[in-house]
Amino acid sequence: MEFLLYLSPQAKEILNQVYLAKYSVSENTGYCRSIKDLFGYADFGKKFVICTKNIVRSDLDLNTYINQTIYHEGVHVAHLCNGYKPFGLARKNMILPAFKLQGVKNSTKASTASTQIEHEAYWMEDKPEKVSYVIQKYCFR
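Residues numbered from 1 in each chain as written. Predicted model: local features only at pLDDT ≥ 70, side-chain atom pairs only at ≥ 80, totals over all residues. Heavy atoms only, no water.

(A) Quick look at the environment of Ala 113. With respect to the helices, strands and loops of the structure, Ala 113 is situated in the loop between α5 (98–110) and α6 (115–124). We classify Ala 113 as buried; its relative accessible area is 8%. Once the C-alpha coordinates of Ala 113 and Val 131 are considered, the two residues, 18 residues apart in sequence, prove to be 18 Å apart. If we skip the residues at most four places from it in the chain, Ala 113 touches Tyr 84, Thr 108 and Glu 118. (Helix = DSSP H or I, 4+ residues; strand = E, 2+ residues; numbered from the N terminus. Buried < 20%, exposed > 50% of the residue type's maximum accessible area, 1.4 Å probe, protein only. Contact = heavy atoms within 4.5 Å.)

(B) Structural context of a positive patch on the surface. Together, Arg 33, Lys 36, Lys 53 and Arg 57 make up a positively charged patch on the protein surface. Tracing the backbone shows Arg 33 in helix α2 (residues 30–34). (Patch = residues over 30% accessible without salt bridge, like charges linked within 9 Å, V, L, I, M, F, W, Y side chains within 5 Å. Areas by Shrake-Rupley, 256 points an atom, 1.4 Å probe, with all protein chains shown as cover. Salt bridge = Lys/Arg side-chain N within 4 Å of Asp/Glu carboxyl O. Lys, Arg positive; Asp, Glu negative; His and termini not counted. Charge placed at Lys NZ, Arg CZ, Asp CG, Glu CD.)

(C) Geometry of the pattern of salt bridges. Counting across every chain of the model gives three salt bridges. Put simply, Lys 127 and Asp 126 hold a salt bridge, and the shortest N to O gap is 2.9 Å. Each of Lys 100, Glu 125, Asp 126 and Lys 127 takes part in salt bridges that share partners, so that together they form one network.

(D) Seen up close, the packing of α5 against α6. The interhelical angle for the contact between α5 and α6, taken along N-to-C directions, is 140°, at an axis separation of 9 Å. As judged from the angle between their axes, α5 and α6 are oblique. Both α5 and α6 take part in a crossing whose hand is right-handed. Residue-level inspection shows Lys 100, Leu 101, Gly 103, Val 104, Ser 107 and Thr 108 of α5 in contact with α6, the latter providing Thr 115, Glu 118, His 119 and Tyr 122. (Axes fitted to C-alpha atoms, helices over the stretch in contact; angles between N-to-C directions. Parallel < 35°, antiparallel > 145°, perpendicular 65-115°, else oblique. Left-handed = near helix turned anticlockwise from the far one by under 90°.)

Below is the structure:
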């Protein structure tokens, strides 16, 4: 899997937690090919997928966006372990820049995720220590 070459130590730790939570990890599935701006997903079937080719095509920094995708989808693993419910964080305390707010809107249009679930994931996607904490809290209690 190509994305493994780009992982930060924190992303490796989170990916290990995802494996321990019994998720299968794969890359560039058919679903990735059908939605060109999809960077990754985690689902009820315990699949954790990174769409590396879509990230490469985006011309964004690979190191940054592969790791952010691991963190973002790691948050969704914790959501799924929590019955696909948000953690209950107050949105007023999770300030997002405009481009991430647009990402929340785009993600909720393209999936079954609630605005709160996506807001939490976008807020935590650059906070790997928080991602690791919520996976531990909700998947291994």
